[in-house]
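Listed below, chain by chain, are the residues.
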Amino acid sequence: MKLRSFFIIILLSIIHIGCDNKKSEKNTSEKTLKTIKEKQVKKVKKRWDSLNSKNVEAFFTEYEKKNKESKVIIKTKFGNIKLRLYDDTPIHRANFIFLTKIKYFNTTEIYRVAKNFVIQGGNSDETYTKTQRRLYGNYLIKPEFRKNRKHKYGALASTRHWEDNPNKLSNPFEFYIVHSRKGAHHLNNEHTVFGEVISGFDTMDKISRVKVGVDEWPTNDIHMTVEILD
């Protein structure tokens, strides 16, 4: 009987150890699964990694629904320029807000000053600028021409390539402001106008007087930052 009892105790111990091992394996498996899920969630929440050259319109259509801001301010050493972005050019508005929020413009500068014509910004020689563009696939935006959005004095519009661009797709990273008092109406329906200056015309006048090179790039860099107002 003693020997039988001894074997029963041994058998129960083995069963108990086996159960503990299974529980341990189950806990380890659950922890591993939890870690994988957490990584997946973090991956999904990674900042704006869904934007690319193939889903531009879909991305900004959704983005503009949750980001309704329409007023921004450009800050320079010459003063500030306040802009209002139009609701009837939703993709261009959303794009400008998006780039402002990720601080893309803050390492760019006003790189072209065409006297009595336009003041152009959104580019620079910084490596960060080129990196940001590549990060999102150097995407382009379909034009949003509107009959009531003309190249008047103070109009804000997107630049674009003129060669090999029959659909007049906008460069989303660069913009210009019309500084000619007469406007620049020969550009209507050529470039998308998506906003206008609401204050800071005196700042534009100061910028227009800077010395520029043959390429109209200011001799002394004009760095800028862009911030959301409302």
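Use the structure listed above.
Residues numbered from 1 in each chain as written. Predicted model: local features only at pLDDT ≥ 70, side-chain atom pairs only at ≥ 80, totals over all residues. Heavy atoms only, no water.

Participant: Can you explain the sheet that holds strand 5 (residues 155–158)? Please cite residues and give values.
Facilitator: Here 8 strands make up an open sheet; going across it, the order is 3-4-6-5-7-2-1-8 and the pairing antiparallel. Among the strands making up the open sheet, the edge pair consists of strand 3 (109–114) and strand 8 (225–228). With direction set aside, neighbouring strand axes in the sheet form an average angle of 30°. Bridging between strand 1 (residues 71–76) and strand 2 (residues 79–85) involves 6 bridges; their strand directions are antiparallel. Bridge pairing in strand 2 links Thr76 to Gly79. Its contacts with the sheet put helix 3 (residues 90–101) on strand 1, strand 2, strand 5, strand 6 (175–178), strand 7 (193–199) and strand 8, and the angle it makes with strand 8 is roughly 110°. Contacts from helix 5 (residues 201–208) reach strand 1, strand 2, strand 3, strand 4 (118–123), strand 6 and strand 7 within the one sheet, and its direction differs from that of strand 2 by about 120°. (Pairing = 2+ DSSP bridges. Helix = DSSP H or I, 4+ residues; strand = E, 2+ residues; numbered from the N terminus. Axes fitted to C-alpha atoms, helices over the stretch in contact; angles between N-to-C directions. Contact = heavy atoms within 4.5 Å.)

Participant: Any chance you could break down helix 3 for me, citing the residues and the numbers?
Facilitator: Spanning 12 residues, helix 3 covers 16 Å between terminal C-alpha atoms, matching the ideal 16 Å at 1.5 Å per step. Extensive coverage of helix 3 is indicated by the burial of 10 of its 12 residues. Listed as buried for helix 3 are Ile91, His92, Arg93, Ala94, Asn95, Phe96, Ile97, Phe98, Leu99 and Thr100. With its phi angle positive at about 65°, Lys103 sits one or two positions after the end of helix 3. (Expected span 1.5 Å × (residues − 1). Buried < 20%, exposed > 50% of the residue type's maximum accessible area, 1.4 Å probe, protein only.)

Participant: Describe in detail the packing of aromatic side chains, supporting the description with residues and values.
Facilitator: Applying the stated criterion to the full structure yields 17 aromatic pairs. Taking 6.0 Å as the distance between ring centres and 20° as the angle between the ring planes, the aromatic pair formed by Phe59 and Tyr63 counts as stacked. Of the two residues, Phe59 and Tyr63 both sit in helix 2 (residues 56–66), 4 residues apart, roughly one turn of that helix. Side by side, Phe59 and Tyr63 carry an identical accessibility label, which is buried. Through a chain of ring-to-ring contacts, the aromatic side chains of Phe59, Phe60, Tyr63, Phe96, Phe98, Tyr104, Phe105, Tyr136, Tyr139, Phe173, Phe175 and Phe194 assemble into a single cluster. Between the NZ or CZ atom of Arg149 and the centre of the ring of Tyr86, over which it lies, the distance is 3.6 Å. (Phe/Tyr/Trp six-rings, centres within 6.5 Å; stacked < 30°, edge-to-face > 60°. Lys NZ or Arg CZ within 6 Å of the ring centre and 35° of its normal.)

Participant: Break down helix 2 for me, with residues and values.
Facilitator: Those residues of helix 2 that sit buried are Val56, Phe59, Phe60, Tyr63 and Glu64. All buried residues of helix 2 fall inside an arc of 125° around its axis, so they share one side. The outward face of helix 2, more than 90 degrees from its buried face, is lined by the exposed residues Ala58 and Lys66. For helix 2, the elements touching its buried residues are helix 3. (Arc of directions from axis to C-beta.)

Participant: Talk me through the pattern of salt bridges; I want residue IDs and the actual numbers.
Facilitator: When their charged atoms lie close together, side chains carrying opposite charge are able to pair. In total, this model carries 15 salt bridges according to the counting rule given. With a shortest N-O distance of 3.3 Å, Lys152 and Glu196 are connected by a salt bridge. Placement of the pair is Lys152 in the loop between helix 4 (127–135) and strand 5 and Glu196 in strand 7, with a sequence separation of 44 residues. Given the relative accessible area of 36%, Lys152 is considered partly exposed. Each member of the salt-bridge network shares a partner with another, and the members are Glu64, Lys68, Asp87 and Arg93. (Salt bridge = Lys/Arg side-chain N within 4 Å of Asp/Glu carboxyl O.)

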